[in-house]
Protein chains: 2
Amino acid sequence: MRVAELSQRTGVPIPTIKYYLRAGLLPAGELTSPNQAHYGETHVHRLRLVRALVEVGGLSISATRAVLEKMRGADSQLHSIGKAQFALGPRTEPHEDAALADARTRVDELIERRGWLVRESNPARAGLAEALAHLTRLGHGDALPLLERYADAAQTLADPEVDLVLGRPNVDGMAETVVTLTVIGDALMSALRRMAQESEATRRLAD
Amino acid sequence: MRVAELSQRTGVPIPTIKYYLRAGLLPAGELTSPNQAHYGETHVHRLRLVRALVEVGGLSISATRAVLEKMRGADSQLHSIGKAQFALGPRTEPHEDAALADARTRVDELIERRGWLVRESNPARAGLAEALAHLTRLGHGDALPLLERYADAAQTLADPEVDLVLGRPNVDGMAETVVTLTVIGDALMSALRRMAQESEATRRLAD
């Protein structure tokens, strides 16, 4: 198909597609004439993946490129699938203070207590510590006990999620499922939590 | 305190603080001389809140301003607290296709089935539908049954979260807790899900 059809199928404007091509997020099409390229189903799929990462995951272009590279890098190495997930991690400069030091200890203790097998290189460790530190700094230290409830929920969800990943027929499929499920799962939980909170608050205030 | 101390206390660089002042995210300090302003604890707190919204929530400056305005707007009106949460909603242009139409039906059915009290104006409805549509477009339709598990988790978490919000002594405190808990809770769940997934996958692959 030509770029116009690729645009129509995916809802991505032609200038954006051209930008993704230049940025290396989308492989070049097959040139059918000096000014015309032909695109296939792999382009449709890749474009949808890029959109999910950018729109749902809020990833920058360079972060998206890094994730796609890690996915390719997984190749047939099962143990490296996690690196694609690690590349999704948020990157902020931590503000080193007592709240963050305390939060890091809480994260280590949580992992230890639950017997979770989490590599030191998993950026979610830092992400969790920073989120907890923000809570403390904002004076919501009384929300910290909720951490156990969130961890229970995460643990319960991991089981069917990993089922789904390991059920994919090959490592490439697994790597893509990890990335997709991580990013879209975050968005699902975020939306559902907001709706459940509104519902619960409305119910209580009506009483 | 002077701006240098405000910067030191919060870890926010002085140029960033000045930018937030110009952008209206931070109220002006009290002028003690034509070139010097004095800041108080409310500035420290506000700056921490802005950082949580920008760094953890990934909000843009204009989105942050909108949230802060809605928080102020809540005043003593309990029923308008939700508007602060609604302002946190993601804003993307939906790609209207069959996947999205189907996803919207799923969202309506989910809300109906669970008896959730969710206003039509809650942007989480659109956020959930778009996330589901991305899953379908990417060929992960077999992940859709996970939706019920995510909804169970969200519903379980809403109870202690609303407890915490309604336990605040005044409406301003409630509005801020809703905003903080929404944004930071997303980050907590995101990090915990990634760690729980890694742990579960590692355990299975070791077997």
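Residues numbered from 1 in each chain as written. Chains lettered and ligands numbered in written order. Predicted model: local features only at pLDDT ≥ 70, side-chain atom pairs only at ≥ 80, totals over all residues. Heavy atoms only, no water.

## Observations concerning the overall build of chain A
Looking only at helices and strands, chain A features nine helices and two strands. Taken from N to C terminus, the helices and strands of chain A fall in the order α-α-β-β-α-α-α-α-α-α-α. If one aligns the C-alpha atoms of chain A with their principal axes, the spans along those axes are about 65 × 45 × 35 Å. Across the 207 residues in chain A, those meeting the buried criterion constitute 52%. The long-range fraction of contacts in chain A, counting pairs at least 24 apart against all pairs at least 6 apart in sequence, stands at 58%. For chain A, the accessible surface area stands at approximately 9500 Å², while carbon and sulfur atoms represent 52% of it. Computed over 25 positive and 27 negative side-chain charges, the inter-centroid distance for chain A is 6 Å. (Helix = DSSP H or I, 4+ residues; strand = E, 2+ residues; numbered from the N terminus. Buried < 20%, exposed > 50% of the residue type's maximum accessible area, 1.4 Å probe, protein only. Contact = heavy atoms within 4.5 Å. Areas by Shrake-Rupley, 256 points an atom, 1.4 Å probe, with all protein chains shown as cover. Lys, Arg positive; Asp, Glu negative; His and termini not counted. Charge placed at Lys NZ, Arg CZ, Asp CG, Glu CD.)

## Remarks on the pattern of salt bridges
In this structure the tally under the stated criterion is 36 salt bridges over all chains. Of the charged contacts in the structure, one is a salt bridge between Asp163(A) and Arg204(B), with a shortest N-O distance of 2.8 Å. Here the residue Asp163(A) occupies a position in helix H8 (residues 146-166), and Arg204(B) occupies one in helix H9 (residues 171-206), the pair thus bridging two chains. By relative accessible area, Asp163(A) is classed as partly exposed at 44%. Between Arg194(B) and Asp186(A) there is a salt bridge; the shortest N-O distance is 2.8 Å. A residue pair is termed interchain when its members come from two chains, as with Arg194(B) in helix H9 and Asp186(A) in helix H9 (residues 171-206). (Salt bridge = Lys/Arg side-chain N within 4 Å of Asp/Glu carboxyl O.)

## Examining the interface of chain B and chain A
Each partner contributes residues to the interface: chain B has 86 residues there, and chain A has 86 residues. Contact with chain A buries surface across chain B, with Leu138(B), Arg194(B) and Met195(B) losing the most and accounting together for 10% of the total. Inspection of the region where chain B meets chain A yields 14 salt bridges. Arg168(A) is the salt-bridge partner of Asp142(B), the closest N and O atoms lying 2.7 Å from each other. (Buried area = accessible area lost by both parts, 1.4 Å probe.)

## So, the domain arrangement of chain A
All names here are of chain A. For chain A, the assigned domains are domain 1 (1-56) and domain 2 (73-205). Placing a centre on the C-alpha atoms of domain 1 and another on those of domain 2 gives a separation of 31 Å. Contacts between domain 1 and domain 2 engage five residues on the former and seven residues on the latter. The contact between domain 1 and domain 2 buries some 440 Å² in all, and 80% of this surface belongs to carbon and sulfur atoms. At the junction of domain 1 with domain 2, the criterion picks out zero salt bridges. Here the side of domain 1 that touches domain 2 is built from residues that sort into four nonpolar, one polar and no charged. (Domains from an automatic or database assignment. Nonpolar A, V, L, I, M, F, W, Y, C, P; charged D, E, K, R; others polar.)

## Concerning H9(B)
Residue and element names in this part refer to chain B. The end-to-end C-alpha separation of H9 is 51 Å, in line with the 52 Å expected for 36 residues at 1.5 Å each. By the criterion of burial, H9 is predominantly enclosed, with 28 of the 36 residues buried. Where H9 starts, the residue carrying a side-chain oxygen 3.3 Å from the main-chain nitrogen of Asp 172 turns out to be Asn 170. (Expected span 1.5 Å × (residues − 1). Polar contact = N/O pair within 3.5 Å; in protein donor to acceptor, adjacent residues only side chain to side chain.)

## Topic: the relation of the copies chain B and chain A
Note on the identical chains: chain B maps onto chain A by a rotation of 180° and an axial translation of 0.0 Å, with an RMSD of 0.0 Å. The operation mapping one copy onto its partner corresponds to a two-fold rotation axis. Using C-alpha coordinates, one finds that chain B approaches the rotation axis most closely at Ala153(B), a distance of 2.8 Å. Most of the interface of chain B is mirrored in chain A, where 100% of its interface residues are also at the interface. (Least-squares fit on C-alpha atoms with pLDDT ≥ 70 in both.)

## Considerations on the environment of Gly89(A)
Relative to the helices and strands, Gly89(A) resides in the loop between helix H5 (81-86) and helix H6 (98-114). Overall, Gly89(A) belongs to the buried group, its relative accessible area being 16%. Taking the C-alpha atoms as reference points, Gly89(A) and Leu59(A), separated by 30 residues in sequence, lie 9.7 Å from one another. Discounting residues that sit within four places of it in the chain, Gly89(A) has contacts with Pro123(A) and Arg194(B).

## Some remarks on the packing of aromatic side chains
In this structure the tally under the stated criterion is two aromatic pairs over all chains. Judged by centre distance (6.2 Å) and plane angle (40°), the ring pair of Tyr19(A) and Tyr20(A) falls under tilted. (Phe/Tyr/Trp six-rings, centres within 6.5 Å; stacked < 30°, edge-to-face > 60°.)

## Let's talk about the side chain of Thr10(A)
Mapped onto the elements of the fold, Thr10(A) is located in helix H1 (residues 3-10). Apart from residues no more than four positions distant in its own chain, Thr10(A) is found in contact with Val44(A), Leu47(A), Arg48(A) and His95(B).

## Focus on the pairing of strand E1 (residues 30-33) of chain B
Residues and elements named next belong to chain B. The pairing of E1 with strand E2 (residues 36-38) spans three bridges and is classified as antiparallel. Looking at the pairing, Glu 30 lines up with His 38 of E2. Counting the residues that bridge the hairpin from E1 to E2 gives two residues. (Pairing = 2+ DSSP bridges.)

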